[in-house]
There are 2 protein chains.
Amino acid sequence: MDLTDIRDLYRERGKFAGKEVTIGGWIRSIRDSKTFGFIVVNDGTFFEPLQIVYSDKLDNFEQISKLNVGSAIIVRGTIVETPDAKQPFELQAEEIEVEGLSTADYPLQKKRHSFEYLRTVSHLRPRTNTFQAVFRVRSLIAYAIHTFFMERGFVYVHTPLITGSDCEGAGEMFQVTTMDLDNIPKNEDGSIDFSKDFFGKATNLTVSGQLNVESYAFAFKNVYTFGPTFRAENSNTTRHAAEFWMIEPEIAFADLKDDMILAESMLKHVIRYVLENAKEEMNFFNQFVDKGLIERLTHVRNSDFGRVTYTEAIKILEQHNDEFEYKVFWGCDLQTEHERFLTEQEFKRPVFVTDYPKEIKAFYMKLNEDGKTVAAMDCLVPGIGEIIGGSQREDKLELLEKRMEELELNKEDYDFYLDLRKYGSVRHAGFGLGFERCVMYLTGMGNIRDVVPFPRTVKNCDL
Amino acid sequence: MDLTDIRDLYRERGKFAGKEVTIGGWIRSIRDSKTFGFIVVNDGTFFEPLQIVYSDKLDNFEQISKLNVGSAIIVRGTIVETPDAKQPFELQAEEIEVEGLSTADYPLQKKRHSFEYLRTVSHLRPRTNTFQAVFRVRSLIAYAIHTFFMERGFVYVHTPLITGSDCEGAGEMFQVTTMDLDNIPKNEDGSIDFSKDFFGKATNLTVSGQLNVESYAFAFKNVYTFGPTFRAENSNTTRHAAEFWMIEPEIAFADLKDDMILAESMLKHVIRYVLENAKEEMNFFNQFVDKGLIERLTHVRNSDFGRVTYTEAIKILEQHNDEFEYKVFWGCDLQTEHERFLTEQEFKRPVFVTDYPKEIKAFYMKLNEDGKTVAAMDCLVPGIGEIIGGSQREDKLELLEKRMEELELNKEDYDFYLDLRKYGSVRHAGFGLGFERCVMYLTGMGNIRDVVPFPRTVKNCDL
């Protein structure tokens, strides 16, 4: 159908003044007096709606005036500039066609609804201002991430979702099976006979694509994943979802310093992209969701990120132990309160904390020369704490095997991963960015359920 | 690390002649005589490798000459143009550092390996010519798809992977559970107590995001998904995988004609993008994998796709029934042999077949006025048959409900989907493109296992 997008009416304004256009969209509000009326319409292509003026010159004036909010209409008319009004122009209707009716009990009335309520209508909430903004920005962030990596020659790799191995021995996993749960096939000794399952073995949903993608970094040098990952953690918080998307770049011939440069450039690129390409949405968040958001993001974009070792950071934090719920000491994991103190109070800008004790980090991280710490980095940002976690990887076969033995990992499960250290091993590094956390950070939205189209959390898998 | 990518040496050639550069990469082959030698190195940033010349002026000449294929090295030297040689330039080494050794039993020796063998080393095969080409092109196709939609203002939507519903009642699904399979919780009547499962209900892996994304088309007008989907089908063919990626655009205020225009533009965009941005890889496929590939794709890019109704197509095909294994008749499903006949013999270009009998299509497709056919379209391309399937969706509540009753679908499971027809329903359409099938089509690769980094098929979930 030959319709003009409301986005184009705004973005290419001058072009349309006095011209006839036809638009299609959904009614956000409608009011009429005896001989004329106003309809506010949104067609989903732009955050700002379009005001339509119609009069009783229309044959169907009565019908139109009775339309409910949510109805879909197609309007032919003339664009008239309105320099003195709130909106820069309006559409004077010559014809209004009803495409689809709505009802008086349409769940999204003009009043403001709570986010909690809107979660119960996740198929309708993207029609509201807040969720129009959230999900358009989510889409733009995803694209900004792809453009960032592709323009730098990275290869995008789809690592598998169904996996026979448990990446880090970390995180609870979802099992995937086609076995009849009412009648699980058993071996003679009573154990489950996974040879009867679809893949002939026990399988799970992945918690990370990192180990797989490392093998691609050793073929393409610079690669990244961007795909769903899963955690079956029974944690009902505003920051955890069972299904979420993750970005995991992996770079070869690179060390921890290169990794931090990459992470900093990526974050700045994404912030810049969104501020430039979602002005209306970002202004909305800044005004109604998180005052100070734009200033904070602009500050981050313009800062040189700080660097501090874990050991130095602990010294700084120990001086403020009386202010913390959890007291810090060398060897402890940093809590959000500590992370936010470092980035907000101490550095007043984003900061990388590096070289963590090996005991609190994953087996594949490169051991430093001190034998105690590993070449890991967490990127902390104001307002949220950790947003990125990464490391240089252990590229020496002997050291990696030794660490796996210490942790009693079964080396046979990691044959392919050890192969990478046998055949042309190179220094390499990477990081993980939780996509939803990134969306929350850039929009100021406080609950992960409100930045995922159809969120999956404990006891919740609707639609 | 401050290395020059081999890609830049090729792409910005003039710039480097006579200049000193440092590169890092993996040895593809090495040969030496008494006083000098040649190493062919690939660093993963470009399809073509770099030739390195070294001599016994290097302190470690002996060590270098003994390196095995697959070793990683860092080379500092000078770029010298070689207008009379096979390769346009070479690197004369002043220093070669060994980054990581390989072994004499490195699984990728210089000889040609079969695709079957290479599937057994899926973590190493991207280091071979064929799979360098396949997976770089796969990455470029993914990006071409994103740019196509984003440049047209589409919103990218992440539809859920774990779902409580079975989209079309079609396709075998994988179950997702955290229940102890050794001790499944039961209700008093002996049935499984899914209230004890992670989501409090039975859940599966999605077979399509379409129904979910329709609700976003009714908010943003033009949207698309690009994510993994799953089929637990026990079919061991060259075209089926249990886990694959799918692209599903959905457009509102649009009919079947708009849908076909979109599909045709998208395919042409992707072909153009890959031919322009992966010249070396496409030439390789054309020469070694599928002779005639580039000509075929160029022809498709330059063709106006044909249009034929299913009913007309059946008439055409019936005249050739003696040539087919499966005889056609009105009402039958088209087989690949029929599809290829239409696009290769009859139309000699891509063709949309439209308006299929409702019985062989999904419940949500819009019923045509004849009451017998639906506004569906399949896009058939030479060399492969169906590559895209789509339809206009039924937007009338009564008709959709009637069709669901005929098919004995449980309406309560589709509450949200019916809501879309209650509140501002609009004409809309969409299609699905199997990403792997698209990669096979553009590369000429014949087995889906060879276009997925880590393929998942019946009884196969390695790495």
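Residues numbered from 1 in each chain as written. Chains lettered and ligands numbered in written order. Predicted model: local features only at pLDDT ≥ 70, side-chain atom pairs only at ≥ 80, totals over all residues. Heavy atoms only, no water.

**Quick notes on the UniProt feature "coiled-coil region" (unreviewed entry) in chain A**
Per the UniProt entry, the sites bearing "coiled-coil region" (unreviewed entry) are residues 390–417 of chain A in this numbering. Across residues 390–417 of chain A, the secondary structure splits into 46% helix and 11% strand, with the terminal C-alpha atoms separated by 18 Å. (UniProt positions renumbered as here; feature names shortened; annotations may be inferred. Helix = DSSP H or I, 4+ residues; strand = E, 2+ residues; numbered from the N terminus.)

**Concerning helix H8 (residues 293–302) of chain A**
Residues and elements named next belong to chain A. For H8, the full list of buried residues reads Leu293, Leu297 and Val300. The buried residues of H8 occupy an angular sector of 60° when projected down its axis, which confines them to one face. Exposed positions of H8 whose direction lies more than 90 degrees from the buried face are Glu295 and Asn302. Elements in contact with the buried residues of H8: helix H6 (256–277), helix H7 (279–289) and helix H13 (435–443). (Buried < 20%, exposed > 50% of the residue type's maximum accessible area, 1.4 Å probe, protein only. Arc of directions from axis to C-beta. Contact = heavy atoms within 4.5 Å.)

**Let's talk about the packing of aromatic side chains**
Across all of its chains, the model carries 68 aromatic pairs over all chains by this definition. Ring geometry for phenylalanine 148 of chain A versus phenylalanine 149 of chain A: centroids 5.0 Å apart, planes at 80°, classification edge-to-face. There is no split in this pair, since phenylalanine 148 of chain A and phenylalanine 149 of chain A are both buried. Geometrically, the ring pair formed by phenylalanine 324 of chain A and phenylalanine 341 of chain A is edge-to-face, given 5.6 Å between the ring centres and 90° between the ring planes. Taken as a pair, phenylalanine 324 of chain A in the loop between helix H9 (310–318) and helix H10 (336–346) and phenylalanine 341 of chain A in helix H10 lie far apart in primary sequence, 17 residues in all. Considered together, phenylalanine 324 of chain A and phenylalanine 341 of chain A belong to a single accessibility category, that of buried residues. An aromatic cluster of three or more residues is present, and its members are Phe115, Phe131, Phe135 and Phe454 of chain A together with Tyr216 and Phe220 of chain B. (Phe/Tyr/Trp six-rings, centres within 6.5 Å; stacked < 30°, edge-to-face > 60°.)

**What to know about the interface of chain B and chain A**
Opposite the 120 residues of chain B that make contact, chain A presents 121 residues. Interface area lost by chain B to chain A is led by His158, Phe253 and Tyr423 of chain B, which between them contribute 9%. Our count for the chain B to chain A interface comes out at six salt bridges. Between aspartate 5 of chain A and lysine 221 of chain B there is a salt bridge; the shortest N-O distance is 2.6 Å. Tallying contributions element by element places helix H4 (residues 129–151) of chain B first for the side of chain B that touches chain A, with twelve residues. Looking at the side of chain B that touches chain A, its residues break down into 59 nonpolar, 35 polar and 26 charged. Looking at chain direction, strand E8 (residues 175–177) of chain A and strand E8 (residues 175–177) of chain B are connected through three bridges and run antiparallel. Among the inter-strand pairings, glutamine 175 of chain A is bridged to a residue of E8 of chain B, identified as threonine 177 of chain B. (Buried area = accessible area lost by both parts, 1.4 Å probe. Salt bridge = Lys/Arg side-chain N within 4 Å of Asp/Glu carboxyl O. Nonpolar A, V, L, I, M, F, W, Y, C, P; charged D, E, K, R; others polar. Pairing = 2+ DSSP bridges.)

**Re the nonpolar core**
By size, the foremost hydrophobic cluster in this structure holds 238 residues, and its most contacted members are Ile141 and Ile388 of chain A together with Ile141 and Ile388 of chain B. Once residues lying within four places of it in the same chain are set aside, the contact partners of isoleucine 141 of chain B are Val270, Val274, Phe435, Cys438, Val439 and Leu442 of chain B. (Core = buried A, V, L, I, M, F, W, Y, C linked by side-chain atoms within 4.5 Å.)

**Remarks on the domain arrangement of chain A**
Residues and elements named next belong to chain A. As far as domains go, chain A holds domain 1 (6–100) and domain 2 (127–171 + 207–450). Look at where the C-alpha atoms of domain 1 and domain 2 centre, and you get two points 45 Å apart. For the pair domain 1 and domain 2, the summed buried surface comes to about 780 Å²; carbon and sulfur atoms form 43% of the total. It is Arg11, Arg28 and Phe47 that lose the most area in domain 1 upon contact with domain 2, and together they represent 68% of the buried surface on that side. On the surface where domain 1 and domain 2 come into contact, there are one salt bridge. Residue arginine 11 pairs with glutamate 280 through a salt bridge whose shortest N-O separation is 3.5 Å. Joining domain 1 to domain 2, the criterion identifies four residue pairs in polar contact (both at pLDDT 80 or more). Among the residues forming the side of domain 1 that touches domain 2, the class breakdown is two nonpolar, three polar and three charged. (Domains from an automatic or database assignment. Polar contact = N/O pair within 3.5 Å; in protein donor to acceptor, adjacent residues only side chain to side chain.)

**Regarding the side chain of glutamate 90 of chain B**
Residues and elements named next belong to chain B. For glutamate 90, the position within the fold is in strand E5 (residues 89–100). The buried charged residue glutamate 90 lacks any salt bridge, with arginine 31 as its nearest oppositely charged partner at 8.4 Å. Looking at glutamate 90, its side chain comes within polar contact range of the side chain of glutamine 51, at 3.5 Å. Beyond its immediate chain neighbours, meaning those up to four positions away, glutamate 90 contacts Gln51, Val53, Thr78, Ile79, Val80 and Thr82. (Lys, Arg positive; Asp, Glu negative; His and termini not counted.)

**Overview of the relation of the copies chain B and chain A**
For the pair chain B and chain A, the best superposition has an RMSD of 0.0 Å and corresponds to a rotation of 180° with a translation of 0.0 Å parallel to the axis. Look at the turn and shift together and you get a two-fold axis relating the two. Minimal C-alpha separation from the rotation axis in chain B is found for valine 176 of chain B, amounting to 2.5 Å. (Least-squares fit on C-alpha atoms with pLDDT ≥ 70 in both.)

**Overview of the confidence of the model for chain A**
Overall, the prediction assigns chain A a mean pLDDT of 96, with 99% of residues at 70 or greater. Across the whole predicted complex the pTM is 0.97, and at the interface the ipTM reaches 0.97. (pLDDT = per-residue confidence, 0-100.)

**Some points on the sheet that holds strand E6 (residues 155–156) of chain B**
Residue and element names in this part refer to chain B. One open sheet accounts for eight strands, arranged E6-E10-E11-E16-E15-E14-E13-E12; its pairing is mixed. The open sheet is flanked by E6 and strand E12 (306–309), the only strands paired with a single partner. Sheet analysis places E12 next to strand E13 (residues 351–357), joined by four bridges and oriented parallel. If you follow arginine 307 over to E13, its bridge partner there is phenylalanine 352.

**Some thoughts on the environment of leucine 58 of chain A**
Residue and element names in this part refer to chain A. Structurally, leucine 58 is set in the loop between strand E3 (50–55) and helix H2 (61–65). Its relative accessible area of 8% is what places leucine 58 among the buried residues. When neighbours within four sequence positions are excluded, leucine 58 is seen to be in contact with Ala93, Glu94, Glu95 and Ile96.

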